[in-house]
Amino acid sequence: MKSILVVLFVALTSLSSVYCQDAEKMNGTFVSYEDGVYVFTDKDGYNAEFTSITDEVSQKYNLTDKTYIGKQFIITFIVETEMDEYDEEIQVSSIIGLTMPE
């Protein structure tokens with residue numbers, strides 16, 4: 001019985017750590033969605049590109065609609081390292097949380 005609880009605890013901990021471990025936040029203005037990339041600009045003019053978004057966030061804010069262009073957001077995201085088609089490491093940013101400041 002204890003071994004089942006330990007396995008369950010480890011499984012749940014590893015699932016939740018994907019979003020919490022390296023999550024970062026930034027404030028940004030939504031600029032565009034094109035070719036599967038969400039682009040935001042921060043107050044210094046730096047463009048941040050995100051290649052994916054969680055289903056929960058995309059249901060709350062449909063960024064493929066031009067309605068949100070020019071709107072301010074607080075973006076919670078993670079950055080993961082993946083291999084591209086040339087077997088080179090690339091950084092991929094994914095939106096895991098999105099809110100509009102009041």
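Use the structure listed above.
Residues numbered from 1 in each chain as written. Predicted model: local features only at pLDDT ≥ 70, side-chain atom pairs only at ≥ 80, totals over all residues. Heavy atoms only, no water.

A. Structural detail: the overall build of the protein chain. On a plain count of helices and strands, the protein chain comes out with two helices and six strands. When the elements of the protein chain are put in sequence order from the N terminus, they spell out α-β-β-β-β-α-β-β. Summed over its atoms, the accessible surface of the protein chain is roughly 7500 Å², and 53% of this surface lies on carbon and sulfur atoms. (Helix = DSSP H or I, 4+ residues; strand = E, 2+ residues; numbered from the N terminus. Areas by Shrake-Rupley, 256 points an atom, 1.4 Å probe, with all protein chains shown as cover.)

B. Region of interest: the environment of Asp-55. By the secondary structure assignment, Asp-55 is in helix H2 (residues 55-60). Accessibility expressed as a relative area gives 59% for Asp-55, which makes it exposed. The spatial distance from the C-alpha of Asp-55 to the C-alpha of Ile-96 is 8.9 Å, given a sequence separation of 41 residues. (Buried < 20%, exposed > 50% of the residue type's maximum accessible area, 1.4 Å probe, protein only.)

Fair warning: the whole summary comes from geometry, so function is off the table for now.
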